[in-house]
Amino acid sequence: MKVLAIETSCDETAAAVVEDGRHVLSSVVSSQTDIHSAFGGVVPEIASRAHLELIGPVVSEAMARAGTGPQDLAAVAATVGPGLVGSLIVGVSAAKAYAWSWGLPFVGVNHMEGHLHAAFLEGPALSLPTVVLLVSGGHTMLICMEGSAGQVEYRLLGQTIDDAAGEAFDKVARFLGLGYPGGPAIERAAREGDPRAIAFPRGLATGGYDFSFSGLKTSVVRYMKAGPGAELADVAASFQEAVVDVLATKTRKAAAEVQAKAICIGGGVAANTSLRERVKQMCEDDGRTAFIPSRAMCTDNAAMIGATAWYRLRQYGPTPLDVAVDPNLALDFV
Ligand code: KG4
Ligand code: ZN
């Protein structure tokens, strides 16, 4: 069963063909980073217009690379939220039009559920319960995936009370003049620095599973204002260490509490080398499986939407064509 999936929730125009929710036959991602970097961040109106121009060619490319025609497909899926409203509308309208004209069911997918499924596209079968650390530009959540492989349920353990982890990377990079997107820029700068040079605060370190990153951002700003000549590489490395430390420590604690068999990471920040190594090491130490998707599966892509669509279609059936996009769409938690 092949699904054509479309993802346009932010500044990536992506399409993929995924078979049986597991086999990625093609995954095309056209990034608009170059267009937006001149502005230091994503400009929503420009993003929508770029999606409009790119969506047709990106879908054609995904179908061609998969060697697939409409007659081979079982459904067409698209991200319906959360994300930028204008961007979402372009992908969802295109997917509905393809589905309707080809006589196929449409499946609306939650972008964050897509990130949750990304690791399992490349890894072995789900071993539940799994604790998932979902860290993107808009979200930071610790989730327990439980139930059985055919009926997965999500339980929210904690989330950020202010900035998302990716947002903190983006804001601090911007403040330090390192450019956009901030995550990869900070990671690059941090390579030459000492992660122990500056003891930046770990937000809500002793609390439960909620996160806070706005104090850390303020601390970096204060540190730079107090000593403008500070070594940028040390600041970047120490900031990155503070984020990774708090993410990894809370994830480890949660995994122990729910007796998780595995830990999985997802979302753009999961592309961070320091976080990946830390999670891998702590899983080795604790005897848990680590699901660490390739970097391409951590950042926005349509393959993860295709995998989620396949599973949703079996569990809940198609989505009505009159469904609206929802910029604030939440995940369904038990
Ligand atoms: O999941 P994603 O591609 O888009 C959203 O759904 O938000 O995540 C984008 C976020 C950005 O904030 C970006 O700075 C961050 O992920 N990011 C990283 C890295 N690569 C991307 N953060 C830290 N280290 C990275 N290597
Ligand atoms: Zn994302």
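Being a predicted model, the structure only gives us computed values, none of them experimental. (Residues numbered from 1 in each chain as written. Chains lettered and ligands numbered in written order. Predicted model: local features only at pLDDT ≥ 70, side-chain atom pairs only at ≥ 80, totals over all residues. Heavy atoms only, no water.)

Colleague: Explanation requested: the pattern of salt bridges in the structure shown.
Modeller: A side chain with one charge may pair with a side chain of the opposite charge, provided their charged atoms come close. In this structure the tally under the stated criterion is 13 salt bridges. For Glu-61, the salt bridge identified is with Arg-65, shortest N-O distance 2.8 Å. Here Glu-61 pairs with Arg-65, and both are found in helix 2 (residues 44-66), just four residues apart, close to one helical turn. Note that Asp-245 and Arg-202 form a salt bridge whose closest N and O atoms lie 2.9 Å from each other. Taken together, the positions of Asp-245 in helix 8 (residues 232-257) and Arg-202 in the loop between helix 6 (182-190) and helix 7 (214-226) put the pair 43 residues apart, joining distant regions of the chain. (Salt bridge = Lys/Arg side-chain N within 4 Å of Asp/Glu carboxyl O. Helix = DSSP H or I, 4+ residues; strand = E, 2+ residues; numbered from the N terminus.)

Colleague: Would you take a moment to explain the state of the cysteines for this structure?
Modeller: Here, the word disulfide means a covalent bond between the sulfur atoms of two cysteines. One pass over the full model with this rule turns up zero disulfides. With no disulfide of its own, Cys-10 has Cys-298 as its nearest cysteine by sulfur position, at a separation of 16 Å. You can call Cys-10 partly exposed: its relative accessible area is 25%. (Disulfide = S-S within 2.5 Å. Buried < 20%, exposed > 50% of the residue type's maximum accessible area, 1.4 Å probe, protein only.)

Colleague: Which parts of the structure should I look at to understand the site of ligand 1?
Modeller: Surveying the vicinity of ligand 1 reveals 19 residues, the closest of which are Gly-137, Asp-170, Gly-183, Glu-187 and Gly-268. The side chain of His-115 places a nitrogen or oxygen atom 3.1 Å from an oxygen atom of ligand 1. A distance of 2.7 Å is found between an oxygen atom of ligand 1 and a side-chain nitrogen or oxygen belonging to Asp-170. Taking 560 Å² as the accessible area of ligand 1 by itself, protein coverage stands at 88%. Elements that contribute at least two residues to the shell around ligand 1 include exactly helix 4 (111-122), helix 5 (165-176) and helix 6. The residue makeup of the shell around ligand 1, split by class, is four nonpolar, twelve polar and three charged. (Near = heavy atom within 4 Å. Polar contact = N/O pair within 3.5 Å; in protein donor to acceptor, adjacent residues only side chain to side chain. Areas by Shrake-Rupley, 256 points an atom, 1.4 Å probe, with all protein chains shown as cover. Nonpolar A, V, L, I, M, F, W, Y, C, P; charged D, E, K, R; others polar.)

Colleague: What is the right way to read the sheet that holds strand 3 (residues 23-31) from this model?
Modeller: The pairing of strands in a sheet happens through backbone hydrogen bonds and is either parallel or antiparallel. What the five strands build is an open sheet, ordered 3-2-1-4-5; its pairing is mixed. Lying at the two open borders of the sheet, with one neighbouring strand each, are strand 3 and strand 5 (106-110). The average undirected angle you get between the axes of adjacent strands in this sheet is 20°. Of the strand pairs in this sheet, strand 1 (residues 2-7) and strand 2 (residues 12-19) are connected by six bridges, and their pairing is antiparallel. Directly across from Ala-5, in strand 2, lies its bridge partner Ala-16. With respect to the sheet, helix 4 is in contact with strand 1, strand 2, strand 3, strand 4 (73-81) and strand 5, its orientation differing from that of strand 5 by roughly 90°. The strands that helix 11 (residues 303-316) touches are strand 1, strand 2, strand 3, strand 4 and strand 5; relative to strand 5, the one it contacts most, it runs at about 115°. (Pairing = 2+ DSSP bridges. Axes fitted to C-alpha atoms, helices over the stretch in contact; angles between N-to-C directions. Contact = heavy atoms within 4.5 Å.)

Colleague: Please clarify how the nonpolar core should be interpreted in this entry.
Modeller: Soluble, globular proteins show a tendency: their nonpolar side chains are buried together. The biggest cluster of nonpolar side chains holds 48 residues, and the ones touching the most others in it are Phe-213, Phe-239 and Leu-247. Within the residue set of this core, elements represented by two or more residues are strand 6 (130-135), strand 7 (140-148), helix 5, helix 6, helix 7, helix 8, strand 9 (262-266) and helix 9 (273-286). Of the residues forming this core, the biggest block, twelve residues, is contributed by helix 8. Those residues in contact with Phe-239 that sit more than four places away from it in its chain are Ala-168, Phe-169, Val-172, Ile-186, Phe-200, Leu-216 and Val-220. Of all hydrophobic cores here, the second largest spans 24 residues; its members include Ala-15, Met-63, Val-80 and Leu-88. (Core = buried A, V, L, I, M, F, W, Y, C linked by side-chain atoms within 4.5 Å.)

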